Amino acid sequence: MLRAFIARFIQEFLADPEKNNLGPGTTDQAWDGFVLGFSNGADPLYDFLKEHIGEFHWSPAEAFTLGWPAAQTAAAEAHDAAGGPSAAGPGNPRPDELTVVSWALCQTEATKKANRAQTRFPSEPWARSRIYGQKCGRSLQRALVKALASEGYAAVAPALLPEWTETESPTYGRASTWSERHVAYVSGLGTFSLCGGLITERGQAARFGSLVVHAAIPSTARSYSDPFAYCLFYHDRSCTACVDRCPVGSVTPGGRDKKACAQHLESATADYVKHEYGFDGYGCGLCQTGVPCESGIPVP
Ligand code: B12
Ligand code: SF4
Ligand code: SF4
């Protein structure tokens, strides 16, 4: 029942042009639908992520406990306002009493088409989706936390916590305390790829969000065991399209140079976006558009 409530909530949120848009000066939609997955807070893969990425990566229980004071206040306010059920529960629930809700917001055909035509810098809609689409995604996270509180379920959006931070993984370099892609992977949404993006059933051209809710919701089945199952390069070496799309050589069959990507993204594209499109932003995503995994799973 809660699954359906969450899916309906996201659907209705995205159907509202006041919320789902590419920012000032346009009425274009930011996101064209979504893919949704669920995983249990006690899934052993969350322990694996601590070994794999670094001890700093939060388990769902750690993230929930960090956000609990604010979640409790929101739940109490929702209770007072609506007279509905109160989100009762301990501040330190058992991991198996928690569910991670993870979603991918899918780029529109117009944004993908515009980015396909680019060879060095992002198209305007893609750059807008990075800034204003992200704003929409964050509003969705906050609104869903509030809606769940009104239903009596305390929830926390880990990536929005003030404690969330980027840091360095001993093995993988630039990382963070809550990796939305890894959470999506655990929640059955898709697999990693040669260029690093997560490929979902709607492809790589997407942005991810998640929250941890104090409720037991059945997990989404992971239809893969190989973490790179949906990428053609790992499947049969038949594709390296993202290597060719990257304007700065960040993607190679031997691995990725995250620093080259970050340098291009955060410096060169920021200057370009300001100069060409007139707003403070950045973006790239050339490796996620004009490639076989852009809009679906390319592996037969
Ligand atoms: C730091 C960061 C960056 C850094 C580093 C990127 C990186 N690869 O980690 C920089 C600035 C370079 C960057 C660039 C971009 N980013 Co960024 N970024 C993040 C951020 C804030 C944190 C990522 C993180 O914690 N990574 C953790 C490390 C460990 O991840 P990793 O190195 O990729 O993990 C590898 C290993 O785990 C490995 N692996 C090996 N063996 C195994 C085995 C198992 C079992 C598993 C599970 C994994 C695994 O596979 C992974 C892929 O190679 C997230 C937001 C968030 N909170 O998650 C967005 C995020 C990853 N970025 C995103 C996007 C869209 C972009 C850009 C396209 C920029 C843009 N918007 O135009 C580019 C794409 C670059 C690329 N090729 O992936 C999206 C991802 C979309 C997608 N389809 O995957 C995210 C999730 C933001 C969002 N909210 O949607 N980003
Ligand atoms: S473009 Fe090809 S090699 Fe690159 S991630 Fe997509 S399927 Fe894999
Ligand atoms: S986001 Fe751009 S710079 Fe970064 S890996 Fe992809 S194509 Fe290369």
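Each remark here, short or long, concerns the structure printed above.
Residues numbered from 1 in each chain as written. Chains lettered and ligands numbered in written order. Predicted model: local features only at pLDDT ≥ 70, side-chain atom pairs only at ≥ 80, totals over all residues.

Undergrad: Describe the overall build of the chain, and please don't skip the residues or the numbers.
TA: When its secondary structure is counted, the chain shows nine helices and ten strands. The C-alpha radius of gyration of the chain comes to 19 Å, within 12% of the 19 Å expected for a compact globule of 300 residues. Taken along the three principal axes of its C-alpha coordinates, the chain extends 55 × 45 × 35 Å. The burial tally for the chain puts 45% of its 300 residues in the buried class. (Helix = DSSP H or I, 4+ residues; strand = E, 2+ residues; numbered from the N terminus. Rg over C-alpha atoms; globule rule 2.2 N^0.38 Å. Buried ≥ 20, exposed ≤ 12 C-beta atoms within 10 Å, placed from the backbone.)

Undergrad: How would you summarise the pairing of strand β5 (residues 173-176) if you had to cite specific residues and measurements?
TA: As judged from the four bridges shared by strand β4 (residues 166-169) and β5, these two strands associate in the antiparallel manner. In the strand pairing of β5, E168 is matched with R174. Hairpin connection between β4 and β5: a loop of three residues separates the two successive antiparallel strands. (Pairing = 2+ DSSP bridges.)

Undergrad: Let's hear about the packing of helix α1 (residues 2-14) against helix α5 (residues 124-150): which residues, and what values?
TA: At a minimum axis distance of 11 Å, the contact between α1 and α5 shows a crossing angle of 140 degrees. By the angle class used here, α1 and α5 are oblique. The two elements α1 and α5 meet at a crossing, and its hand is right-handed. Contacts from I6, F9, I10 and F13 in α1 reach L140, A143, L144 and A147 in α5. (Axes fitted to C-alpha atoms, helices over the stretch in contact; angles between N-to-C directions. Parallel < 35°, antiparallel > 145°, perpendicular 65-115°, else oblique. Left-handed = near helix turned anticlockwise from the far one by under 90°. Contact = placed C-beta atoms within 7 Å.)

Undergrad: Quick one: what's the story with the site of ligand 2, residue by residue and with numbers?
TA: Neighbouring ligand 2 are 14 residues, the closest being S193, C231, C239, C242 and C293. Every element with two or more residues in the shell around ligand 2 is listed here: α7 (232-236) and α8 (241-245). Along the lines of polarity and charge, the residues of the shell around ligand 2 split into twelve nonpolar, two polar and no charged. (Near = placed C-beta within 6 Å. Nonpolar A, V, L, I, M, F, W, Y, C, P; charged D, E, K, R; others polar.)

Undergrad: Would you mind going over the site of ligand 1 in detail, with residue names and values included?
TA: Near ligand 1 you find 34 residues, and of these S176, S179, G196, G197 and R207 are the closest. Secondary-structure elements contributing two or more residues to the shell around ligand 1 are β4, β5, α6 (180-186), β8 (206-213) and α9 (258-277). Counted by class, the shell around ligand 1 contains 17 nonpolar, ten polar and seven charged residues.

Undergrad: Can you explain the sheet that holds strand β2 (residues 99-107)? Please cite residues and give values.
TA: Here we have four strands laid out as an open sheet, ordered β1-β2-β8-β3, and antiparallel in their pairing. Both outer strands of the open sheet, β1 (31-40) and β3 (155-156), are each paired with one neighbouring strand and no more. Relative to β8, β2 runs antiparallel, the two being bridged by eight bridges. Opposite S102, over in β8, you have S210 as the bridge partner.

Undergrad: Describe the packing of helix α4 (residues 109-116) against α5, and please don't skip the residues or the numbers.
TA: Two numbers describe how α4 lies on α5: the axes approach to 7 Å, and their chain directions differ by 125 degrees. Relative to α5, the element α4 lies oblique. Of the residues in α5, those touching α4 at A110, T111, A114 and N115 are E124, P125, W126 and S129. Looking at side-chain class alone, the contact of α4 with α5 contains four nonpolar, three polar and one charged residues.

Undergrad: Please provide a residue-by-residue account of unusual backbone geometry, values included.
TA: We note that R237 has phi near 60 degrees; this positive angle belongs to a residue other than glycine. Looking at where R237 falls in the secondary structure, it is placed in the loop between α7 and α8.

Undergrad: Could you give an account of α4, naming the residues involved and the relevant values?
TA: Where α4 is concerned, the buried positions are T111, K112 and N115. Along α4, the residues classed as buried sweep out an arc of 95 degrees about the axis, all on the same side. (Arc of directions from axis to C-beta.)

Undergrad: Tell me what's going on with the environment of W58, and back it up with residues and numbers.
TA: Mapping W58 onto the fold places it in the loop between α2 (44-52) and α3 (60-82). Distance from W58 to P158, taken between C-alpha atoms, is 8.6 Å for residues 100 residues apart in sequence. With sequence-adjacent residues up to four places away left out, W58 is seen in contact with A63, P158, T177 and W178.

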